[in-house]
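Here is how the chains run, residue by residue.
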Amino acid sequence: MADALPTRSALVSRVLPFSCVDGPGNRLVLFLQGCNFRCPGCHNPHTIGLCDDCGDCLAVCPSGALTLAEDRPGERRVRWQAALCTNCDACLDACPRSANPKTATMTVAEVLALLRRYGPLLTGITVSGGEATTQLPFVVALFAAIKGAPDLAHLSCLLDSNGSLAATGWLRLLPVLDGAMLDLKGWRDSVHHTLTGYGRERVLASLQLLASHGKLTELRLLHVPGRSDFLDADGKLETGLASFLQSLGPVPIRLNGFRHHGVRGVATSWQEADREALTRLAAELSARGLGPVSLPAIC
(Lines give C-alpha, C1' and ligand atoms only; values in the text may rest on other atoms or scores of the structure.)
Protein backbone atom coordinates (compact mmCIF):
# COMPACT_ATOMS: atom_id res chain seq x y z
CA MET A 1 0.00 0.00 0.00
CA ALA A 2 1.51 3.34 -1.09
CA ASP A 3 0.11 5.20 1.92
CA ALA A 4 1.98 2.84 4.26
CA LEU A 5 5.45 3.94 3.14
CA PRO A 6 7.62 4.04 6.29
CA THR A 7 9.27 7.25 5.06
CA ARG A 8 5.99 9.21 5.06
CA SER A 9 6.52 12.01 7.59
CA ALA A 10 4.67 14.63 9.63
CA LEU A 11 5.53 17.71 11.63
CA VAL A 12 5.10 16.73 15.29
CA SER A 13 4.68 19.28 18.07
CA ARG A 14 4.92 16.82 20.95
CA VAL A 15 4.98 13.13 21.77
CA LEU A 16 3.33 11.95 24.97
CA PRO A 17 4.49 8.37 25.66
CA PHE A 18 1.68 7.59 28.08
CA SER A 19 -1.76 9.15 28.49
CA CYS A 20 -4.98 7.95 30.09
CA VAL A 21 -7.10 10.96 29.00
CA ASP A 22 -6.77 10.77 25.21
CA GLY A 23 -8.94 7.74 24.68
CA PRO A 24 -9.48 4.45 26.53
CA GLY A 25 -6.59 2.74 28.25
CA ASN A 26 -2.97 3.81 28.20
CA ARG A 27 -2.07 5.54 24.95
CA LEU A 28 0.87 7.03 23.13
CA VAL A 29 -0.23 10.42 21.80
CA LEU A 30 1.18 12.32 18.83
CA PHE A 31 0.33 16.01 18.73
CA LEU A 32 0.77 17.15 15.14
CA GLN A 33 1.60 20.77 14.38
CA GLY A 34 -0.84 23.00 12.51
CA CYS A 35 -4.57 23.64 12.73
CA ASN A 36 -7.12 25.00 10.27
CA PHE A 37 -9.41 26.34 13.03
CA ARG A 38 -8.68 29.58 14.89
CA CYS A 39 -10.34 29.05 18.26
CA PRO A 40 -9.88 32.09 20.55
CA GLY A 41 -10.17 29.76 23.54
CA CYS A 42 -7.63 27.19 22.36
CA HIS A 43 -5.71 25.61 25.25
CA ASN A 44 -2.78 24.73 22.97
CA PRO A 45 -2.46 27.85 20.79
CA HIS A 46 1.19 27.10 19.97
CA THR A 47 0.02 24.12 17.89
CA ILE A 48 -2.02 26.27 15.49
CA GLY A 49 0.52 27.96 13.22
CA LEU A 50 3.53 26.88 11.20
CA CYS A 51 6.94 28.43 11.80
CA ASP A 52 7.99 30.91 9.09
CA ASP A 53 11.58 31.12 10.43
CA CYS A 54 11.29 34.80 11.34
CA GLY A 55 13.63 34.28 14.31
CA ASP A 56 11.65 36.29 16.88
CA CYS A 57 11.90 33.38 19.31
CA LEU A 58 15.70 33.41 19.41
CA ALA A 59 15.94 36.57 21.50
CA VAL A 60 13.81 35.17 24.34
CA CYS A 61 15.45 31.73 24.54
CA PRO A 62 17.58 31.77 27.73
CA SER A 63 19.56 28.62 26.93
CA GLY A 64 20.53 29.15 23.30
CA ALA A 65 18.51 26.14 22.22
CA LEU A 66 17.17 28.03 19.19
CA THR A 67 19.41 29.18 16.35
CA LEU A 68 19.09 30.33 12.74
CA ALA A 69 20.90 27.84 10.55
CA GLU A 70 21.67 28.36 6.86
CA ASP A 71 20.58 25.20 5.06
CA ARG A 72 21.21 26.67 1.62
CA PRO A 73 22.81 29.94 0.54
CA GLY A 74 20.47 32.75 1.53
CA GLU A 75 18.00 30.39 3.25
CA ARG A 76 18.04 30.41 7.05
CA ARG A 77 15.78 28.30 9.22
CA VAL A 78 15.09 28.14 12.94
CA ARG A 79 16.67 25.06 14.48
CA TRP A 80 15.94 23.64 17.93
CA GLN A 81 18.50 21.74 19.98
CA ALA A 82 16.60 19.58 22.45
CA ALA A 83 19.72 18.93 24.56
CA LEU A 84 20.00 22.64 25.41
CA CYS A 85 16.29 23.31 25.93
CA THR A 86 14.98 23.94 29.45
CA ASN A 87 11.33 23.83 28.31
CA CYS A 88 10.64 27.29 29.70
CA ASP A 89 8.31 27.88 26.73
CA ALA A 90 9.29 31.54 26.37
CA CYS A 91 9.56 30.92 22.63
CA LEU A 92 5.91 29.88 22.46
CA ASP A 93 4.77 33.17 23.98
CA ALA A 94 6.99 35.18 21.65
CA CYS A 95 5.87 33.60 18.38
CA PRO A 96 3.64 35.95 16.32
CA ARG A 97 2.23 33.00 14.35
CA SER A 98 1.13 30.77 17.27
CA ALA A 99 3.73 28.26 16.12
CA ASN A 100 6.00 25.92 18.03
CA PRO A 101 9.68 26.12 17.03
CA LYS A 102 10.35 22.94 19.05
CA THR A 103 8.87 20.60 16.48
CA ALA A 104 10.33 17.47 14.92
CA THR A 105 9.72 15.82 11.60
CA MET A 106 8.93 12.18 12.30
CA THR A 107 8.51 9.34 9.84
CA VAL A 108 6.08 6.45 10.13
CA ALA A 109 9.05 4.18 10.83
CA GLU A 110 10.16 6.37 13.75
CA VAL A 111 6.70 6.29 15.31
CA LEU A 112 6.55 2.52 14.91
CA ALA A 113 9.88 2.31 16.75
CA LEU A 114 8.37 4.30 19.65
CA LEU A 115 5.35 2.02 19.75
CA ARG A 116 7.61 -1.03 19.90
CA ARG A 117 9.62 0.58 22.69
CA TYR A 118 6.56 1.25 24.86
CA GLY A 119 4.29 -1.40 23.34
CA PRO A 120 3.89 -3.77 26.32
CA LEU A 121 2.44 -0.88 28.35
CA LEU A 122 0.15 0.56 25.67
CA THR A 123 -3.47 0.05 24.68
CA GLY A 124 -3.13 2.09 21.52
CA ILE A 125 -2.14 5.33 19.83
CA THR A 126 -4.05 8.60 19.51
CA VAL A 127 -3.10 11.19 16.89
CA SER A 128 -4.11 14.68 17.94
CA GLY A 129 -3.03 18.26 17.25
CA GLY A 130 -3.35 21.00 16.27
CA GLU A 131 -5.59 19.28 13.80
CA ALA A 132 -4.30 15.86 12.84
CA THR A 133 -6.19 15.65 9.56
CA THR A 134 -4.25 18.57 8.09
CA GLN A 135 -1.52 15.92 7.69
CA LEU A 136 -3.87 13.20 6.51
CA PRO A 137 -1.46 11.19 4.28
CA PHE A 138 0.81 10.62 7.29
CA VAL A 139 -2.08 9.55 9.54
CA VAL A 140 -3.38 7.08 6.94
CA ALA A 141 0.12 5.70 6.37
CA LEU A 142 0.82 5.38 10.10
CA PHE A 143 -2.43 3.60 10.94
CA ALA A 144 -2.05 1.30 7.92
CA ALA A 145 1.48 0.39 9.00
CA ILE A 146 0.29 -0.38 12.54
CA LYS A 147 -2.54 -2.58 11.25
CA GLY A 148 -0.08 -4.36 8.97
CA ALA A 149 2.51 -5.09 11.65
CA PRO A 150 1.85 -8.40 13.48
CA ASP A 151 3.48 -7.13 16.67
CA LEU A 152 1.48 -3.86 16.71
CA ALA A 153 -1.87 -4.80 15.20
CA HIS A 154 -3.42 -5.20 18.67
CA LEU A 155 -3.03 -1.45 19.31
CA SER A 156 -6.12 0.64 18.63
CA CYS A 157 -5.73 3.66 16.34
CA LEU A 158 -7.74 6.71 17.41
CA LEU A 159 -7.96 10.25 16.06
CA ASP A 160 -8.71 13.43 18.02
CA SER A 161 -10.17 15.90 15.51
CA ASN A 162 -12.12 19.12 15.08
CA GLY A 163 -14.23 17.37 12.43
CA SER A 164 -13.27 19.62 9.52
CA LEU A 165 -12.17 16.77 7.24
CA ALA A 166 -14.24 16.27 4.09
CA ALA A 167 -16.07 13.00 3.46
CA THR A 168 -13.52 11.88 0.86
CA GLY A 169 -10.78 12.21 3.47
CA TRP A 170 -12.71 10.21 6.06
CA LEU A 171 -13.32 7.46 3.52
CA ARG A 172 -9.56 7.16 3.00
CA LEU A 173 -9.05 6.91 6.74
CA LEU A 174 -11.95 4.67 7.80
CA PRO A 175 -10.40 1.32 6.77
CA VAL A 176 -7.52 1.80 9.23
CA LEU A 177 -9.31 3.89 11.87
CA ASP A 178 -10.68 2.33 15.06
CA GLY A 179 -12.43 5.49 16.20
CA ALA A 180 -12.45 9.27 16.32
CA MET A 181 -13.14 11.78 19.07
CA LEU A 182 -14.71 14.97 17.72
CA ASP A 183 -15.49 18.37 19.21
CA LEU A 184 -18.70 20.31 18.67
CA LYS A 185 -18.02 23.78 20.05
CA GLY A 186 -21.25 25.49 19.10
CA TRP A 187 -24.70 24.50 17.82
CA ARG A 188 -25.84 27.50 15.76
CA ASP A 189 -23.53 28.27 12.87
CA SER A 190 -22.91 31.81 14.11
CA VAL A 191 -21.86 30.57 17.56
CA HIS A 192 -19.62 27.86 16.10
CA HIS A 193 -17.99 30.48 13.88
CA THR A 194 -17.36 32.79 16.85
CA LEU A 195 -15.77 29.98 18.87
CA THR A 196 -13.69 28.40 16.09
CA GLY A 197 -13.41 30.84 13.19
CA TYR A 198 -15.31 28.42 10.95
CA GLY A 199 -18.87 27.27 10.32
CA ARG A 200 -20.38 24.05 11.66
CA GLU A 201 -21.54 22.21 8.53
CA ARG A 202 -18.40 20.17 7.89
CA VAL A 203 -18.30 19.17 11.58
CA LEU A 204 -21.91 18.00 11.59
CA ALA A 205 -21.33 16.01 8.40
CA SER A 206 -18.25 14.37 9.93
CA LEU A 207 -20.17 13.39 13.05
CA GLN A 208 -22.91 11.82 10.96
CA LEU A 209 -20.48 9.95 8.71
CA LEU A 210 -18.45 8.55 11.59
CA ALA A 211 -21.53 7.57 13.59
CA SER A 212 -23.00 5.76 10.57
CA HIS A 213 -19.82 3.68 10.30
CA GLY A 214 -19.62 2.98 14.04
CA LYS A 215 -16.39 4.99 14.33
CA LEU A 216 -17.53 7.90 16.51
CA THR A 217 -15.80 6.99 19.77
CA GLU A 218 -16.70 10.20 21.58
CA LEU A 219 -18.46 13.50 20.96
CA ARG A 220 -17.14 16.39 23.02
CA LEU A 221 -19.20 19.47 23.85
CA LEU A 222 -17.32 22.53 25.09
CA HIS A 223 -19.29 24.77 27.43
CA VAL A 224 -18.22 28.43 27.46
CA PRO A 225 -20.41 30.44 29.88
CA GLY A 226 -22.25 33.26 28.15
CA ARG A 227 -21.19 32.04 24.69
CA SER A 228 -22.29 28.43 24.29
CA ASP A 229 -25.78 27.72 22.94
CA PHE A 230 -26.40 24.10 23.89
CA LEU A 231 -29.18 25.15 26.29
CA ASP A 232 -32.05 27.49 25.42
CA ALA A 233 -33.24 30.50 27.39
CA ASP A 234 -35.25 28.21 29.69
CA GLY A 235 -32.24 26.05 30.51
CA LYS A 236 -33.45 23.16 28.37
CA LEU A 237 -31.42 21.32 25.76
CA GLU A 238 -31.74 23.18 22.45
CA THR A 239 -34.33 21.32 20.39
CA GLY A 240 -32.36 21.19 17.16
CA LEU A 241 -29.23 19.98 18.97
CA ALA A 242 -31.22 17.29 20.78
CA SER A 243 -32.66 15.98 17.50
CA PHE A 244 -29.24 15.96 15.85
CA LEU A 245 -27.57 14.10 18.71
CA GLN A 246 -30.40 11.55 18.81
CA SER A 247 -29.88 10.90 15.10
CA LEU A 248 -26.29 9.83 15.81
CA GLY A 249 -27.36 6.94 18.00
CA PRO A 250 -25.84 5.88 21.36
CA VAL A 251 -22.63 7.90 21.20
CA PRO A 252 -20.60 8.65 24.36
CA ILE A 253 -20.66 12.39 25.13
CA ARG A 254 -17.95 14.13 27.12
CA LEU A 255 -18.56 17.60 28.51
CA ASN A 256 -15.62 19.97 28.77
CA GLY A 257 -15.76 23.28 30.58
CA PHE A 258 -13.82 26.28 29.35
CA ARG A 259 -10.75 27.04 31.46
CA HIS A 260 -8.06 29.71 31.19
CA HIS A 261 -5.16 27.25 31.14
CA GLY A 262 -2.94 27.97 28.13
CA VAL A 263 -5.37 30.50 26.65
CA ARG A 264 -4.18 33.80 25.16
CA GLY A 265 -5.75 37.02 23.93
CA VAL A 266 -9.42 37.91 24.25
CA ALA A 267 -10.42 34.55 25.74
CA THR A 268 -8.41 35.25 28.90
CA SER A 269 -11.31 37.51 29.94
CA TRP A 270 -13.97 34.86 29.30
CA GLN A 271 -15.75 33.33 32.28
CA GLU A 272 -14.67 29.84 33.25
CA ALA A 273 -17.24 27.05 33.40
CA ASP A 274 -18.17 25.76 36.82
CA ARG A 275 -19.26 22.30 37.89
CA GLU A 276 -22.87 23.35 38.38
CA ALA A 277 -23.25 24.49 34.76
CA LEU A 278 -21.76 21.26 33.39
CA THR A 279 -23.91 19.13 35.70
CA ARG A 280 -27.01 20.95 34.48
CA LEU A 281 -26.06 20.34 30.84
CA ALA A 282 -25.31 16.68 31.61
CA ALA A 283 -28.72 16.27 33.23
CA GLU A 284 -30.46 17.71 30.17
CA LEU A 285 -28.57 15.38 27.84
CA SER A 286 -29.33 12.35 29.99
CA ALA A 287 -33.02 13.32 30.22
CA ARG A 288 -33.19 13.06 26.43
CA GLY A 289 -31.71 9.57 26.55
CA LEU A 290 -28.37 10.72 25.14
CA GLY A 291 -24.96 9.53 26.12
CA PRO A 292 -23.59 8.04 28.31
CA VAL A 293 -22.47 11.50 29.44
CA SER A 294 -19.24 12.11 31.32
CA LEU A 295 -17.87 15.23 32.98
CA PRO A 296 -14.24 16.25 33.48
CA ALA A 297 -12.66 14.88 36.65
CA ILE A 298 -11.79 18.40 37.78
CA CYS A 299 -13.69 21.57 36.98
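All values derive from a computational prediction rather than experimental measurement.

The rules behind each value
Residues numbered from 1 in each chain as written. Predicted model: local features only at pLDDT ≥ 70, side-chain atom pairs only at ≥ 80, totals over all residues. Heavy atoms only, no water. UniProt positions renumbered as here; feature names shortened; annotations may be inferred. Helix = DSSP H or I, 4+ residues; strand = E, 2+ residues; numbered from the N terminus. Expected span 1.5 Å × (residues − 1). Buried < 20%, exposed > 50% of the residue type's maximum accessible area, 1.4 Å probe, protein only. Polar contact = N/O pair within 3.5 Å; in protein donor to acceptor, adjacent residues only side chain to side chain. Contact = heavy atoms within 4.5 Å. Phe/Tyr/Trp six-rings, centres within 6.5 Å; stacked < 30°, edge-to-face > 60°. Salt bridge = Lys/Arg side-chain N within 4 Å of Asp/Glu carboxyl O. Pairing = 2+ DSSP bridges. Axes fitted to C-alpha atoms, helices over the stretch in contact; angles between N-to-C directions.

I keep staring at the UniProt feature "domain: Radical SAM core" (unreviewed entry) in the protein chain and nothing clicks. Help me out?
According to UniProt, the feature "domain: Radical SAM core" (unreviewed entry) maps to residues 21-288 in the numbering used here. End-to-end, the C-alpha atoms of residues 21-288 are 26 Å apart, and along that stretch the chain is 29% helix and 20% strand.

Sorry, what's going on with helix α3 (residues 136-148) here?
Every α-helix winds through 3.6 residues per turn, so residues three or four apart in the chain are directed the same way. Taking 1.5 Å per residue, 13 residues should reach 18 Å; α3 reaches 18 Å between its end C-alpha atoms and fits that length. For α3, the complete set of buried residues consists of Leu 136, Phe 138, Val 139, Val 140, Ala 141, Leu 142, Phe 143, Ala 144, Ala 145 and Ile 146.

Would you explain the side chain of Thr 126 in this entry?
Within the element layout of this structure, Thr 126 appears in strand β6 (residues 124-128). Looking at Thr 126, its side chain comes within polar contact range of the main-chain oxygen of Asp 22, at 2.6 Å. Apart from residues no more than four positions distant in its own chain, Thr 126 is found in contact with Asp 22, Arg 27, Leu 28, Val 29, Leu 30, Leu 158, Asp 160 and Met 181.

What should I look at first to understand the side chain of His 223 in this one?
By the secondary structure assignment, His 223 is in strand β9 (residues 216-223). With a relative accessible area of 16%, His 223 lands in the buried category.

Help me out: how do you make sense of unusual backbone geometry in this one?
In most cases, non-glycine residues show a negative phi, while peptide bonds are predominantly trans. For the peptide bond that leads from Gly 129 to Gly 130, omega is 15°, which places it in the cis range. By secondary structure assignment, the location of Gly 130 is in the loop between β6 and α3. Between Gly 291 and Pro 292 the backbone carries a cis peptide bond, its omega angle lying at 25°. With respect to the helices and strands, the residue Pro 292 is situated in the loop between α8 (275-287) and β11 (293-294). Positive phi, close to 65°, is recorded for Asp 89, a residue that is not glycine.

Would you take a moment to explain the packing of aromatic side chains for this structure?
Think of a pair of aromatic rings as described by two things: how far the centres are apart, and how the planes are tilted against each other in angle. Inspection of the entire model under this criterion finds four aromatic pairs. Taken together, a centroid distance of 5.4 Å and an interplanar angle of 15° make the contact between Phe 37 and Tyr 198 stacked. Remark: Tyr 198 occurs in the loop between α5 (189-196) and α6 (201-212) and Phe 37 occurs in the loop between β2 (27-32) and β3 (66-72); sequence separation between them is 161 residues. For Tyr 198, a relative accessible area of 40% gives the class partly exposed.

When you look at the pattern of salt bridges in this model, what are you seeing that I'm missing?
Close approach of charged atoms lets side chains of opposite charge pair. Per the counting criterion, the structure on display carries 15 salt bridges. When the shortest N-O distance is used, the salt bridge between Asp 160 and Arg 220 registers 2.8 Å. With Asp 160 in strand β7 (residues 156-161) and Arg 220 in strand β9, this residue pair connects regions lying 60 residues apart in the sequence. Of the residues examined, Asp 160 reaches a relative accessible area of 10% and is grouped as buried. With its nearest N and O atoms 2.7 Å apart, the salt bridge here joins Arg 220 to Glu 218. One salt-bridge network, in which partners are shared between bridges, spans Asp 160, Glu 218, Arg 220 and Arg 254.

Where do I start with the sheet that holds β2 in this structure?
Backbone-to-backbone hydrogen bonds pair the strands of a sheet. The strands run either parallel or antiparallel. If you trace the nine strands from one edge of the open sheet to the other, you get β5-β1-β2-β6-β7-β8-β9-β10-β11, paired in mixed fashion. The strands lining the two open edges of the sheet, one partner per strand, are β5 (104-107) and β11. Here α6 sits on the sheet in contact with β8 (179-184) and β9, set at roughly 150° to β8. Packing of α8 onto the sheet brings it into contact with β9, β10 (253-257) and β11, and relative to β10 it is tilted by some 160°.

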